[in-house]
Amino acid sequence: MKDGLHVAIILDGNGRWAKRRGLPRNAGHRAGMEAIKKTVLASCELGIKILSLFAFSTENWKRSQKEIDGIFGILRDYLDENIEVYKEKGINLRIMGDLSKLPEDISKKLISAQEETASCDKLIVNVGINYGGRDELVRAFNLLLKEGKSIVSAEDIKKKLYTHDLPDPDLVIRTSGEQRLSNFMLFQCAYSELYFPKILWPDFNKKALKKALSVYKKRDRRFGNVTEEKK
Ligand code: FPP
């Protein structure tokens, strides 16, 4: 299970997708949710083992209350409509981030969805909600300090990340053409391949995912080593 491909996606472009159609931003997020559904199913079909999605960052609280309420409303609907599908398809939902700041009904739903799908092992969908890479590292260091550690190793830090039991992402996709990590899985993405397609997130689908995988397959991953022919 843990040896398959780990694809991480920074969902970007919902707002621009809506603007181009003269629609409110939350219509873009709702279309973005449809793209999440398609991408989760496509990931199952394509044999991806872990799909990490950056849905709501620690910085997204700066958006208008109307947009934040819209996003959480969409997330609420997504959970209500999809947990049975996850169980049927063998998908384990996991959340990374600080759930204590979310509306209480949503954090409860997220906790029970994680418990209900914990034994599913076809695909892990690991969603970042109120997640930030720096926050995750600060949390990890504080946990280690609490344990009385004064010197720490990379292994110690990894053990305290939300993804302590998952391999690092092989491929990070950020849609909409922006070329930044924006505080996403900073420790875990040290050696990930990065891919920045122009497609806006609501237009993302199985075809776009297959294209990303074909780009990834052509990459030469060296992890700091040299290629065979240069040795
Ligand atoms: C990025 O586009 C999108 C977001 C920050 C929010 C994503 C949220 C959802 C798809 C809905 C609910 C989540 C789940 C897990 C079902 P943007 O708004 O930054 O786009 P822009 O850069 O074009 O303005």
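Residues numbered from 1 in each chain as written. Predicted model: local features only at pLDDT ≥ 70, side-chain atom pairs only at ≥ 80, totals over all residues. Heavy atoms only, no water.

### Some points on the sheet that holds strand β1 (residues 6–10)
With parallel pairing, six strands are arranged side by side in an open sheet as β3-β4-β2-β1-β5-β6. In the strand order of this sheet, the two ends are held by β3 (91–96) and β6 (193–195), each with one partner. The sheet shows a mean angle of 20° between the axes of neighbouring strands, taken without regard to direction. Judged from the seven bridges that link them, strand β2 (residues 50–57) and strand β4 (residues 123–131) form a sheet pairing that is parallel. (Pairing = 2+ DSSP bridges. Helix = DSSP H or I, 4+ residues; strand = E, 2+ residues; numbered from the N terminus. Axes fitted to C-alpha atoms, helices over the stretch in contact; angles between N-to-C directions.)

### Concerning the layout of surface pockets
Estimated volume of the largest pocket: approximately 680 Å³. Counting residues per element, the ones that place at least two in the lining of the largest pocket are α1 (14–20), α2 (25–45), β2, α3 (65–89), β3 and β4. Residue contributions to the lining of the largest pocket peak at six residues, all from α3. (1 Å grid on protein atoms, 1.4 Å probe; cavity = no way out; pocket = protein on both sides within 12 Å on 5 of 7 lines; lining within 4 Å. Points joined across faces, edges and corners; volume = space filled by probe spheres on them.)

### Describing the packing of α2 against α3
Closest axis-to-axis distance for the α2/α3 pair is 10 Å, and the angle between their directions is 20°. Classed by the angle they form, the pair α2 and α3 counts as roughly parallel. Crossing of α2 against α3: the hand is right-handed. Residues R25, N26, H29, R30, M33, I36, K37, V40 and L41 of α2 touch α3, and the partners they reach there are K66, E67, G70, I71, G73, I74, D77, Y78, E81, N82, Y86 and K89. Grouping the amino acids of the contact of α2 with α3 by side-chain chemistry returns eight nonpolar, five polar and eight charged. (Parallel < 35°, antiparallel > 145°, perpendicular 65-115°, else oblique. Left-handed = near helix turned anticlockwise from the far one by under 90°. Contact = heavy atoms within 4.5 Å. Nonpolar A, V, L, I, M, F, W, Y, C, P; charged D, E, K, R; others polar.)

### A word on the packing of aromatic side chains
Going through the model one piece at a time under the given rule, you end up with 10 aromatic pairs. Here F54 and F184 contribute two aromatic rings whose centre-to-centre distance is 4.6 Å and whose plane-to-plane angle is 15°, an arrangement assigned as stacked. Placement of F54 in strand β2 and of F184 in the loop between β5 (171–174) and β6 is noted, with a sequence separation of 130 residues between them. A residue is classified by how much of its surface remains accessible, and F184, at 0% relative accessible area, is buried. Plain terms: the ring middles of W61 and F72 are 5.7 Å apart, the flat faces sit at 35° to each other, and that makes the pair tilted. Remark: F72 occurs in helix α3 and W61 occurs in the loop between β2 and α3; sequence separation between them is 11 residues. In this structure F72 comes out as buried when scored by relative accessible area, which is 4%. The lysine or arginine in question, R21, covers the ring of W17, its NZ or CZ lying 4.0 Å from the ring centre. (Phe/Tyr/Trp six-rings, centres within 6.5 Å; stacked < 30°, edge-to-face > 60°. Buried < 20%, exposed > 50% of the residue type's maximum accessible area, 1.4 Å probe, protein only. Lys NZ or Arg CZ within 6 Å of the ring centre and 35° of its normal.)

### A look at the site of the ligand
Of all residues adjacent to the ligand, which total 18 residues, the nearest are D12, G15, R16, R25 and R63. Here an oxygen atom of the ligand and a side-chain polar atom of D12 are 3.0 Å apart. In this structure, R63 approaches the ligand through a side-chain N or O atom, which is 2.8 Å from an oxygen atom. Relative to its free-state accessible area of 630 Å², the ligand is covered by the protein chains to the extent of 91%. Judged by the fraction of its atoms near the pocket grid, the ligand is located in the largest pocket. When residues of the shell around the ligand are traced back to their parent elements, those giving at least two are α1, α2 and α3. The biggest single contributor to the shell around the ligand is α2, with five residues. Looking at side-chain class alone, the shell around the ligand contains eight nonpolar, six polar and four charged residues. (Near = heavy atom within 4 Å. Polar contact = N/O pair within 3.5 Å; in protein donor to acceptor, adjacent residues only side chain to side chain. Areas by Shrake-Rupley, 256 points an atom, 1.4 Å probe, with all protein chains shown as cover. Sits in = over half its atoms within 2 Å of the grid points.)

### A short note on the state of the cysteines
Overall, the coordinates contain zero disulfides when judged by the stated rule. No disulfide involves C120; its sulfur sits 9.9 Å from the nearest other cysteine sulfur, which is in C44. Under the relative-accessibility criterion, C120 is labelled buried at 14%. (Disulfide = S-S within 2.5 Å.)

### Some words on helix α4 (residues 104–116)
Its 13 residues place the ends of α4 18 Å apart at the C-alpha level, agreeing with the 18 Å of an ideal helix rising 1.5 Å per residue. Taken residue by residue, α4 has I106, S107, L110 and A113 as its buried positions. For α4, the angular spread of buried residues about the axis comes to 125°, placing them on one side. In α4, the exposed positions angled more than 90 degrees off the buried face are occupied by E104, K108 and E115. On its buried face, α4 sits against α3, β3 and β4. (Expected span 1.5 Å × (residues − 1). Arc of directions from axis to C-beta.)

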